[in-house]
Amino acid sequence: MGRKLVVYWIFGAILVMLSSWILGNIEQTTGTSPISYALAVFIAFVLVLAGGLAWITVASVVAKH
């Protein structure tokens, strides 16, 4: 069961890293529509939630053992 927990932990870290990368590079410049800007922010938000859920899963399983 240890390998699966490590995979979930790394997967959560990758999701949070991707969301921070998206938010770090997002700019509302000429040619960027408000809808595409909002969509990028929403996708980054969902990635943070999914990464946090993966970390919470790992923490709850570790706490039970």
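Residues numbered from 1 in each chain as written. Predicted model: local features only at pLDDT ≥ 70, side-chain atom pairs only at ≥ 80, totals over all residues. Heavy atoms only, no water.

(A) Seen up close, the side chain of Ser19. If you trace the backbone, Ser19 turns up in helix H1 (residues 2–25). A relative accessible area of 2% places Ser19 in the buried class. Residues in contact with Ser19, not counting those within four places in the same chain, are Ala44, Leu47 and Val48. (Helix = DSSP H or I, 4+ residues; strand = E, 2+ residues; numbered from the N terminus. Buried < 20%, exposed > 50% of the residue type's maximum accessible area, 1.4 Å probe, protein only. Contact = heavy atoms within 4.5 Å.)

(B) Quick peek at the packing of H1 against helix H2 (residues 34–64). Running from N to C, H1 and H2 point in directions that differ by 160 degrees, and their axes come no closer than 8 Å. Classed by the angle they form, the pair H1 and H2 counts as roughly antiparallel. Viewed along their axes, H1 and H2 form a crossing whose handedness is left-handed. (Axes fitted to C-alpha atoms, helices over the stretch in contact; angles between N-to-C directions. Parallel < 35°, antiparallel > 145°, perpendicular 65-115°, else oblique. Left-handed = near helix turned anticlockwise from the far one by under 90°.)

(C) Up close: the environment of Gln28. With respect to the helices and strands, the residue Gln28 is situated in the loop between H1 and H2. For Gln28, a relative accessible area of 45% corresponds to the partly exposed category. As a C-alpha pair, Gln28 and Ala38 span 10 residues in sequence and 9.9 Å in three-dimensional space. Residues contacting Gln28, with those up to four places away along its chain left out, are Ser33, Pro34 and Tyr37.

(D) Examining H1 more closely. The end-to-end C-alpha distance of H1 is 35 Å, a good match for the 34 Å that 24 residues give at a rise of 1.5 Å each. Buried within H1 are the following residues: Leu5, Gly12, Leu15 and Ser19. (Expected span 1.5 Å × (residues − 1).)

(E) Here's a closer look at the environment of Val58. Inspection of the secondary structure assignment puts Val58 in helix H2. In the structure, Val58 is positioned 54 residues away from Lys4 in sequence and 9.2 Å away in space, judged by C-alpha atoms. If sequence neighbours within four positions are ignored, Val58 has contacts with Leu5, Tyr8 and Trp9.

(F) Quick look at H2. Between its terminal C-alpha atoms H2 stretches 45 Å, which fits the 45 Å expected from 31 residues at 1.5 Å a residue. Within H2, the full set of buried residues consists of Ala44, Leu47, Gly51, Ala54 and Val58. Against the buried residues of H2 lie H1.

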